[in-house]
Amino acid sequence: MKTALLAMGLTLAASIVPAVVLASPGHGNGQMAVGMPAMHGEKPARTVTVILREDYDGDRPFVFEPSDLTFAAGETVRLMITNKGEETHEFVMDTVDKNAEHRDLMAKFPEMEHDDPNAVRLEPGEEAEIIWTFNNSGTFEFACLLPGHYEGGMYGSLIVE
Ligand SMILES: [Cu+2]
């Protein structure tokens, strides 16, 4: 009897595992709508440079260069992000909705620090890299969520096609 129960337990356990894997693809590797951090050791196919700065003479006081980003679905890219401005800036990749939620939260708690693989906060002159796999197609957004910066024009479309 004991053996039969044990065998049944094993059968149940074995049948549960694939269901869990299917229910949460990418669980544990940071999968987000916008993609995921590159797997350890994966070589990026190309490097894309993004500059963060102010532009007080333009239409938008806070800008990204380039103002939009496009990736091919499935590609792994090294994003080199450089703050060439005189203020602290951020680069956050996410859905438009998630960025809006996050922005509301930051407006309430400006000192809030985030430690997310899809985001960096840079002081003037600093640079950082994110090696990211854009494995999910769609229209997303990159933005600086520091209070007033998004409103000042610091956002752009991130398209994975
Ligand atoms: Cu900013």
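Residues numbered from 1 in each chain as written. Predicted model: local features only at pLDDT ≥ 70, side-chain atom pairs only at ≥ 80, totals over all residues.

Remarks on the overall build of the protein chain
Counted only if it meets this: Every helix listed is a DSSP run of H or I at least four residues long, and every strand listed is a run of E at least two residues long, numbered separately from the N terminus. Exposure is read from a count of other C-beta atoms within 10 Å of each residue's own; the residue is exposed at 12 or fewer, buried at 20 or more and partly exposed in between. C-beta atoms are placed from the backbone. Each residue is represented by a C-beta atom placed from its backbone, and any two residues with such atoms within 7 Å are regarded as in contact.
When you go through the protein chain residue by residue, the secondary structure sums to 2 helices and 10 strands. Helices and strands in the protein chain line up, N terminus first, as α-β-β-β-β-β-β-α-β-β-β-β. The burial tally for the protein chain puts 27% of its 161 residues in the buried class. Put simply, of all contacts in the protein chain between residues at least 6 apart along the chain, 80% involve residues at least 24 apart.

Section: the sheet that holds strand β2 (residues 46–54)
Spelled out, the test is: Two strands pair under a simple rule: DSSP has to find at least two bridges between them.
Strand order in the open sheet formed by 5 strands is β1-β8-β5-β2-β3, and the pairing between neighbours is mixed. With partners counted over all chains shown, the strands left at the sheet margins are β1 (36–37) and β3 (62–65), one partner each. When β1 meets strand β8 (residues 127–134), the two strands line up antiparallel, connected through 2 bridges. Bridge pairing in β8 places Pro37 opposite Trp132.

Looking at unusual backbone geometry
The linkage connecting Glu65 with the following residue, Pro66, adopts the cis geometry, with an omega of -5°. Looking at the secondary structure, you find Pro66 in the loop between β3 and β4 (69–71).

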